[in-house]
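One-letter residues, chain by chain:
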Amino acid sequence: MRRQFTVATIPGDGIGPEVVDAAIPAIERAAALCDATLTWERLPYGADHYLVTGETLPDHAFEHLRDDVDATLVGALGDPRVPGNEHARDILLGLRFRLDLYVNYRPCRLLHPDLCPLRAGPGGPRDIDFVIFRENTEGIYLGRGSARHVGTPQEEVIAEEVHTAQRVGRILRAAFGWAEAHGRTTVTMSDKSNAVPAHQLWQRLFDEIGGEYPGIQREHRYVDALAMELVRAPERFQVIVTNNLFGDILSDLGAELVGGLGLAASANLHPGRAGLFEPVHGSAPNLAGKGVANPMATVLSGSLMLEQLGLDEAGAALQRAVRAALDEGVTTTDLGGSASTAEVGRWITDAIA
Ligand code: NAD
Ligand code: IPM
Ligand code: MN
């Protein structure tokens, strides 16, 4: 049976368009392995569009992404010409919030032993394979708060952090449910409840909801200690669930443990709805326009997208092709190679079988 999917892309800013352009042919070829056809729609939203039109993400585009497409692939958003980052917040955070994509799924898996910056552990080469479940719809990211006496020494800015039982509960369930379905035995919840009393809600719900998953052990780490332990013994973690801000920070740390931002993929999900897939990295203005950005994070985000569309074999084929490129040393400079963004994309595309 031939299957047809519509995928929107928002290549965005900086290296976003370069990595998306390099990844699309590979994603398409992998989909074809499963007899699936992808129809791509390229949307113009990003800093250029904002600076010319004043528009960030218009309602009709939001409704289109909500109602008419099977998935959205984002490159990156962020541009030095928009120092307040308002367009990126509207587009990226806006889509996460308004589509209620409450699971930000960020796998950290070591695809080649040489990519780990840590010395070998006591048990030999590192074997890192954990997933971060980042709450994606609230926390401090809601941007609630106030400012007064602006521009005076008395200036006071207040940022409110919001945690609701229903939303904390559903991300915890997503983490436990995923662990159970994927044969993992431990879920680690991270907060800072020793300093931020509001985080005790996470502790309470973690115990309550965790009790519904008798096969899964629960462990808790304050986020400072978790950052330490992720560097000391990353192989001991399987599933980490945490709030929006801590998930953001820990996912860059996790990325670096397995080769860096050039390899880190993510999926923004709400079961039953179209998801949004994007590399963890940003627009890397220092690299933009040079053809040197690593497209693998976008290819691997495409792999998560294909799996979400039910094309598991296609997703696996993309991962195999990325591993093959790593094995062969066909990489951009961030991983020690000398290939360009486009060359890595082409090599991966040709390797798909
Ligand atoms: P960044 O992720 O863009 O870059 C951090 C570092 O990683 C830089 O040294 C960069 O060169 C390197 N890097 C990132 N992606 C790479 C790739 N594909 N290949 C090789 N090296 C790569 O983070 P930043 O510098 O803090 O932010 C730059 C802009 O991107 C800001 O405007 C920020 O808000 C935005 N941002 C957007 C997203 C997103 O769209 N999802 C994510 C993070 C940051
Ligand atoms: C990410 C990014 C975004 C975030 C920024 C660009 C708002 O860092 O996707 O990790 O903080 O979520
Ligand atoms: Mn981030």
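Parameters and conventions
- Residues numbered from 1 in each chain as written.
- Chains lettered and ligands numbered in written order.
- Predicted model: local features only at pLDDT ≥ 70, side-chain atom pairs only at ≥ 80, totals over all residues.
- Heavy atoms only, no water.
- Helix = DSSP H or I, 4+ residues; strand = E, 2+ residues; numbered from the N terminus.
- Rg over C-alpha atoms; globule rule 2.2 N^0.38 Å.
- Buried < 20%, exposed > 50% of the residue type's maximum accessible area, 1.4 Å probe, protein only.
- Contact = heavy atoms within 4.5 Å.
- Areas by Shrake-Rupley, 256 points an atom, 1.4 Å probe, with all protein chains shown as cover.
- Lys, Arg positive; Asp, Glu negative; His and termini not counted.
- Charge placed at Lys NZ, Arg CZ, Asp CG, Glu CD.
- Expected span 1.5 Å × (residues − 1).
- Arc of directions from axis to C-beta.
- Polar contact = N/O pair within 3.5 Å; in protein donor to acceptor, adjacent residues only side chain to side chain.
- Pairing = 2+ DSSP bridges.
- Axes fitted to C-alpha atoms, helices over the stretch in contact; angles between N-to-C directions.
- Near = heavy atom within 4 Å.
- Nonpolar A, V, L, I, M, F, W, Y, C, P; charged D, E, K, R; others polar.
- 1 Å grid on protein atoms, 1.4 Å probe; cavity = no way out; pocket = protein on both sides within 12 Å on 5 of 7 lines; lining within 4 Å.
- Sits in = over half its atoms within 2 Å of the grid points.
- Parallel < 35°, antiparallel > 145°, perpendicular 65-115°, else oblique.
- Points joined across faces, edges and corners; volume = space filled by probe spheres on them.
- Domains from an automatic or database assignment.

Chemist: How should the overall build of the chain be read in this particular structure?
Modeler: A count of helical and extended segments in the chain gives 11 helices and 12 strands. Taking 2.2 N^0.38 as the reference for a compact globule, 353 residues should give roughly 20 Å; the C-alpha atoms of the chain span a radius of gyration of 20 Å, in line with that estimate. Counting only C-alpha atoms, the chain reaches 55 × 55 × 40 Å along its principal axes. Counting all 353 residues of the chain, 54% fall into the buried class. A sequence separation of at least 24 residues applies to 74% of the contacts in the chain between residues at least 6 apart. With an accessible surface of roughly 15,200 Å², the chain has 50% of that area assigned to carbon and sulfur atoms. Positive and negative side-chain charges of the chain, numbering 31 and 47 respectively, have mean locations separated by a distance of 3 Å.

Chemist: Any chance you could explain helix α8 (residues 244–257) here in plain terms?
Modeler: Turn by turn, an α-helix covers 3.6 residues, leaving residues three or four places apart pointing in a common direction. For α8, spanning 14 residues, the distance from its first C-alpha to its last is 20 Å, which sits close to the expected 20 Å at 1.5 Å a residue. Within α8 the residues assigned to the buried category are N244, F246, G247, L250, S251, G254, A255 and L257. When α8 is viewed along its axis, its buried side chains cluster within an angular range of 165 degrees and face the same direction. As for α8, its buried residues are in contact with α4 (86–98), β4 (103–109), β5 (129–135), β8 (186–191), α7 (223–232) and β10 (239–242). The residue sitting at the N-terminus of α8 and contributing the capping side-chain oxygen is N243; that oxygen lies 3.1 Å from the backbone nitrogen of L245. G259 occupies a position one or two residues after α8 and carries a positive phi of about 125 degrees.

Chemist: I tried to follow the sheet that holds strand β11 (residues 265–269) on my own but got confused; where do I start?
Modeler: Paired through their backbone hydrogen bonds, the strands of a sheet run either parallel or antiparallel. If you walk across this open sheet you meet the 10 strands as β2-β1-β3-β12-β11-β4-β5-β10-β8-β9, and the pairing is mixed. Two strands in the sheet have a free side with no partner beyond their single neighbour: β2 (36–42) and β9 (217–222). Adjacent strand axes in the sheet meet at a mean angle of 25 degrees when their direction is disregarded. Pairing analysis gives three bridges linking β4 to β11, with the strands arranged antiparallel. Within β11, the position partnered with N104 by the bridge is N268.

Chemist: Can you walk me through the site of ligand 1 in this structure?
Modeler: Neighbouring ligand 1 are 21 residues; L77, G282, A284, N286 and N294 lie closest to it. Contact between ligand 1 and H281: a nitrogen atom at 3.3 Å from a side-chain N or O atom of the residue. At a separation of 3.0 Å, an oxygen atom of ligand 1 approaches a polar backbone atom of S283. Within the complex, 66% of the 800 Å² of free accessible area of ligand 1 lies under protein. Residue composition of the shell around ligand 1, by class: 10 nonpolar, eight polar and three charged.

Chemist: Can you walk me through the site of ligand 2 in this structure?
Modeler: As a matter of local geometry, ligand 2 sits amid R96, R106, R134, Y141 and D248. R106 has a polar side-chain atom sitting 2.9 Å from an oxygen atom of ligand 2. A distance of 2.8 Å separates an oxygen atom of ligand 2 from a polar side-chain atom of D248. Coverage of ligand 2 by the protein amounts to 77% of the 320 Å² it exposes when considered alone. Taken atom by atom, the bulk of ligand 2 overlaps the second largest pocket. Residue classes in the shell around ligand 2 are distributed as one nonpolar, no polar and four charged.

Chemist: Would you take a moment to explain the packing of α7 against α8 for this structure?
Modeler: Each pair of packed helices gets described by two things: the angle between the helix axes and the distance between those axes. The N-to-C vectors of α7 and α8 enclose an angle of 10 degrees; their axes lie 10 Å apart at closest approach. One finds that α7 runs roughly parallel with respect to α8. Judged by residue contacts, V223, L226, A227, L230 and V231 of α7 engage F246, L250, L253 and L257 from α8. A breakdown of the residues in the contact of α7 with α8 according to their chemical character gives nine nonpolar, no polar and no charged.

Chemist: Got a minute to help me understand unusual backbone geometry in this structure?
Modeler: The general pattern is negative phi for most residues beyond glycine and trans for most peptide bonds. The phi angle at H149 is positive, at roughly 55 degrees, despite the residue not being glycine. Mapped onto the secondary structure, H149 falls in the loop between β6 (145–148) and β7 (156–159). One non-glycine residue with positive phi stands out, namely A284, at about 35 degrees. Summarising the element assignment, A284 is placed in the loop between β12 (275–279) and α9 (296–308).

Chemist: Sorry if this is basic, but what is going on with the layout of surface pockets here?
Modeler: Empty space among the atoms can be located by rolling a probe the size of a water molecule over them. Estimated volume of the largest pocket: approximately 720 Å³. In terms of lining, the largest pocket is formed by 32 residues, of which the most central are Y105, P107, W178, L304 and E307. Where the lining of the largest pocket is concerned, the elements lending two or more residues are β4, β5, α5 (165–181), β11, α9 and α10 (312–328). Residues of the lining of the largest pocket, tallied by class, amount to 20 nonpolar, six polar and six charged. Inspection of the lining of the largest pocket shows a minimum of three residues originating in each of domain 1 (1–109 + 259–353) and domain 2 (117–133 + 163–257). Its volume calculated, the second largest pocket comes out at about 430 Å³. As for the second largest pocket, its lining consists of 22 residues, of which L77, N85, L92, R96 and D248 are closest to the centre.

Limitation: the analysis is restricted to geometry and does not speak to function.
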